[in-house]
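Here's the letter readout for the chains.
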Amino acid sequence: MGEGRQRPTMDLLRSEPMQLVQLIIPIESAHRSISYLGDLGLFQFKDLNSEKSPFQRTYATQIKRSGEMARKLRFFKEQMTKAGLSPSTRSARNDDVDLDNLEVKLGELEAELIEMNANHEKLQQSYNELKEYKLVMQKAGEFFQSAQSSAAAKQREAEAEQRGEGSIDSPLLLEQEMVTDPSKQVKLGFVSGLVSRERSLAFERILFRATRGNVFLKQSVVEDPVTDPASGEKVEKNVFIVFYSGERARNKIMKICEVFGANRYPFTEDLGKQFQIITEVSGRLEELKTTIDVGLVHQSNLLQTIAYHFENWSLLVKKEKSIYHTLNMLSIDVSRKCLVAEGWCPVFATNQIQNVLQKATIDSSSQVGTIFHVLQTKESPPTYFHTNKFTSAFQEIVDAYGIAKYQEANPAVFTIITFPFLFAVMFGDWGHGICLCLATSYFIIREKKFSSQKLGDITEMIFGGRYVIMMMALFSIYTGLIYNEFFSVPFELFGPSAYGCHDPSCSDASTAGLVKVRATYPFGVDPKWHGTRSELPFLNSLKMKMSILIGVAQMNLGIILSYFNAKFFKNEINIWYQFVPQLIFLNSLFGYLSLLIVVKWCTGSQADLYHVMIYMFLSPTDDLGENQLFFGQKFLQIVLLLAALVSVPWMLFPKPFLLKKQHEERHRGQSYALLDSSDDDPLEMELHHGSGSHEEFEFSEVFVHQLIHTIEFVLGAVSNTASYLRLWALSLAHSELSSVFYDKVLLLAWGYR
């Protein structure tokens, strides 16, 4: 190949010339070859094992192995997220890590982290249980201490009363108490623990009902939330102690505690033992706290080490998995110990691919090089557009809706202008445009620094579309100057207004009563066109009509683009029986409306365009009267209306019959259609498919499809024209919101009322 063919054409309008290539790769250099080709990014492999399931392919084990390593990396990322760490973006890119060593290392790190987590959970659970136990000992101890103090006080009062002047009944009562047998006194048992505060009321109610009121419940509120040992979450709890009598009541209390998730802890009435237990628990808590802190420091150090290498490890695992996925698409020739690959690549990349394959052969110490062979095929190639950092974002916007067929015109070329311009029509304000331009300039000036950093989702999206946003900002400044809006405020940038107030009764802020006193404003909209809030400004009428003009122009552009695509593929049927009648129909109605708008602007006529368009259909032969804009308008309207009516059956009927005739002639051998001669149209695709497999031509299906296509276009022409009025609606909303912000926020902040 000549040297001139080894360079990209840089023609964004058409796809780069593509070729089908066969590679015969020795097994020992296959891994490096696929890796280097992936880094180059100019080769698209075909799946030569499409009939096999993923588990039947040669490298299924290696893919499973890579998937297991990816799972371990996801586990590491979860642990780093919990610890508040993020993968380091400063890790060295020249780390040469072997996959086998990485697999062993990841396994060891995972086992170590799992063991750390298990130990930490056990220690933390013990710590939380001891904290609850300490709270129970303190709160219940306070209750017993207060109860004993109260009992002692009552006993002293009783003794004092007995020594005093008692009544006649006092000796009898005293005698009755002395007669009571101490062995017959009932001894109460108790259960202590903690229960969730939000469930404490239900807990008390169930205890009362289950024991028929034969229990005594005492609760004490814990001021601070307590970490629950089971869930590890902060929960507001109450310390409770339940007094009961009998084993049966005790069993019921135990079951109710289990149902309510109440943690039970032992308690002793002996004050000396209580103090001893609290001291022991406090010491144990200090030891556990120290152990937990040391473990967390060790875990943090380990996670920081993982975070430093995480990006490299993750990239290596993803790359290995992609390599083996690609190797599974290749066919194995066991006799020759090689892999056979087929794929598409741009013609200009031939030398680059050969150099990469030669480098892979040398690096893998293979004795045999890779054979590069160009195949001749009638298969339609994939589409490849050579983009740069400026055009790539626009290309991605277009690709999100659909990728152009090979050698079709690329809509991204037109999107570079139309997309930011339509944005500017809606949000035209040179004040906002300057702010947006300054913010985007920051990303463009520092793009080298940002491109080497790991950005957040929103920041990365903004950085990726920085040139799109810059174009939007520039167009917004341009349309803002045309609208004469700076944060919704009109300025006399290019001289004073052409209109003045000759009557003392008219206000300077109103458009009513103004007359032209000087030459037309040199650029953009006259400041007086903004009007006041009490009337419809002239600028809104301008935006509404301009939206219709833009919509009709863009729809014409789409049809013309499809026309040239059909012309490029020599598809005469689509040219004369689809795109030509579409142009006639669209411009007979909405093209004529656009003409009337321009003529009205140029002549200053007061004609009602709504009336003209409605009665063009209802009464095409009636006299136009004051709505006539130019000589011969009535005759032109009749001609255009007839043309629109004729274009509908023109789109509907000829094409199915011509396709049927072409199909019959092809099967009789009277004509041969060129390969790839059809546009991306389902009718032609079905026809060519039928000619290859000798299937019956379904005329009814083709006709119904064409009927649907015709109805869709006719209705779409109306609805799309109306949809473009959203440009005017959003522009009006943007202007009004900006005006409200200026009046109600900025002026009030500056002290104006």
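Residues numbered from 1 in each chain as written. Predicted model: local features only at pLDDT ≥ 70, side-chain atom pairs only at ≥ 80, totals over all residues. Heavy atoms only, no water.

- The name an unreviewed UniProt entry gives the protein is V-type proton ATPase subunit a, with Theobroma cacao as the organism.
- The UniProt entry for the protein carries the following text under Function (unreviewed entry): "Essential component of the vacuolar proton pump (V-ATPase), a multimeric enzyme that catalyzes the translocation of protons across the membranes. Required for assembly and activity of the V-ATPase."
- The heading Sequence similarities (unreviewed entry) in the UniProt record of the protein holds the text "Belongs to the V-ATPase 116 kDa subunit family." (UniProt positions renumbered as here; feature names shortened; annotations may be inferred.)

### Topic: the overall build of the protein
Phase 1 of the analysis: Summing up its helical and strand segments, the protein has 22 helices and 13 strands in all.
Phase 2 of the analysis: Burial statistics for the protein: of 753 residues in total, 40% are counted as buried.
Phase 3 of the analysis: A separation of at least 24 residues holds for 78% of the contacts in the protein among residues at least 6 apart in sequence.
Phase 4 of the analysis: By element, 58% of the accessible surface of the protein is carried by carbon and sulfur atoms, the whole surface being about 43,800 Å². (Helix = DSSP H or I, 4+ residues; strand = E, 2+ residues; numbered from the N terminus. Buried < 20%, exposed > 50% of the residue type's maximum accessible area, 1.4 Å probe, protein only. Contact = heavy atoms within 4.5 Å. Areas by Shrake-Rupley, 256 points an atom, 1.4 Å probe, with all protein chains shown as cover.)

### Points about the packing of helix H16 (residues 572-603) against helix H21 (residues 699-723)
Phase 1 of the analysis: Where H16 contacts H21, the two axes come as close as 11 Å, and the packing angle between them is 35°. Crossing of H16 against H21: the hand is right-handed. Two secondary-structure elements touch here, H16 through Gln578, Gln582, Phe585, Leu586 and Phe590 and H21 through His709, Phe713, Val714, Ala717, Val718 and Thr721.
Phase 2 of the analysis: When the residues that make up the contact of H16 with H21 are grouped by side-chain class, the tally is 7 nonpolar, 4 polar and no charged. (Axes fitted to C-alpha atoms, helices over the stretch in contact; angles between N-to-C directions. Left-handed = near helix turned anticlockwise from the far one by under 90°. Nonpolar A, V, L, I, M, F, W, Y, C, P; charged D, E, K, R; others polar.)

### Comments concerning helix H8 (residues 350-363)
Phase 1 of the analysis: The end-to-end C-alpha distance of H8, which contains 14 residues, comes to 20 Å, matching closely the 20 Å that a straight helix rising 1.5 Å per residue would cover.
Phase 2 of the analysis: For H8, the set of buried residues is Thr350, Ile353, Val356, Leu357, Ala360 and Thr361. Down the axis of H8, the sector holding all buried residues measures 140°, keeping them to one side. Away from its buried face, by an angle of more than 90 degrees, H8 presents the exposed residues Gln358 and Ile362.
Phase 3 of the analysis: Where the residues of H8 are buried, they touch strand S1 (18-26), helix H1 (27-40), strand S10 (338-346) and strand S11 (371-375).
Phase 4 of the analysis: Looking one or two places after H8, you find Ser365, whose phi comes out positive at around 55°. (Expected span 1.5 Å × (residues − 1). Arc of directions from axis to C-beta.)

### Digging into the nonpolar core
Phase 1 of the analysis: With 40 residues, the main nonpolar core has Tyr592, Leu596, Met616 and Leu727 as its most contacted residues.
Phase 2 of the analysis: Contributions of two or more residues to this core are made by helix H10 (412-426), helix H15 (538-568), H16, helix H17 (609-618), helix H18 (633-652) and H21.
Phase 3 of the analysis: Among the elements that take part in this core, H16 stands out by supplying 11 residues, more than any other.
Phase 4 of the analysis: Not counting chain neighbours up to four residues away, the residues in contact with Leu727 comprise Leu422, Val425, Met426, Ser547 and Ile550.
Phase 5 of the analysis: With 26 residues, the next largest nonpolar core counts Ile25, Ile34, Cys345 and Leu357 among its residues. (Core = buried A, V, L, I, M, F, W, Y, C linked by side-chain atoms within 4.5 Å.)

### As for the pattern of salt bridges
Phase 1 of the analysis: The tally for this structure, following the rule as stated, stands at 18 salt bridges.
Phase 2 of the analysis: Across the salt bridge formed by Lys46 and Glu379, the nearest N and O atoms sit 3.2 Å from each other. Pair noted here: Lys46 is in the loop between strand S2 (44-45) and helix H2 (60-82) and Glu379 is in the loop between S11 and helix H9 (392-399), with a separation of 333 residues, a long-range link.
Phase 3 of the analysis: The class of Lys46 is partly exposed, set by a relative accessible area of 22%.
Phase 4 of the analysis: With a relative accessible area of 37%, Glu379 lands in the partly exposed category.
Phase 5 of the analysis: Residue Asp100 is joined to Arg65 by a salt bridge in which the shortest nitrogen-to-oxygen separation is 2.2 Å. Of this pair, Asp100 sits in helix H3 (residues 99-163) while Arg65 sits in helix H2, and the two are 35 residues apart along the sequence. (Salt bridge = Lys/Arg side-chain N within 4 Å of Asp/Glu carboxyl O.)

### Things to note about the environment of Ser488
Phase 1 of the analysis: Within the secondary structure layout, Ser488 lies in the loop between helix H14 (466-483) and strand S12 (499-501).
Phase 2 of the analysis: For the pair Ser488 and Leu737, spaced 249 residues apart in the sequence, the C-alpha separation amounts to 8.5 Å.
Phase 3 of the analysis: Setting aside its immediate chain neighbours within four residues, Ser488 contacts Asp429, Ser735, Ser738, Ser739 and Tyr742.
Phase 4 of the analysis: Polar side-chain contacts of Ser488 include one of 3.1 Å to the backbone nitrogen of Ser739. (Polar contact = N/O pair within 3.5 Å; in protein donor to acceptor, adjacent residues only side chain to side chain.)

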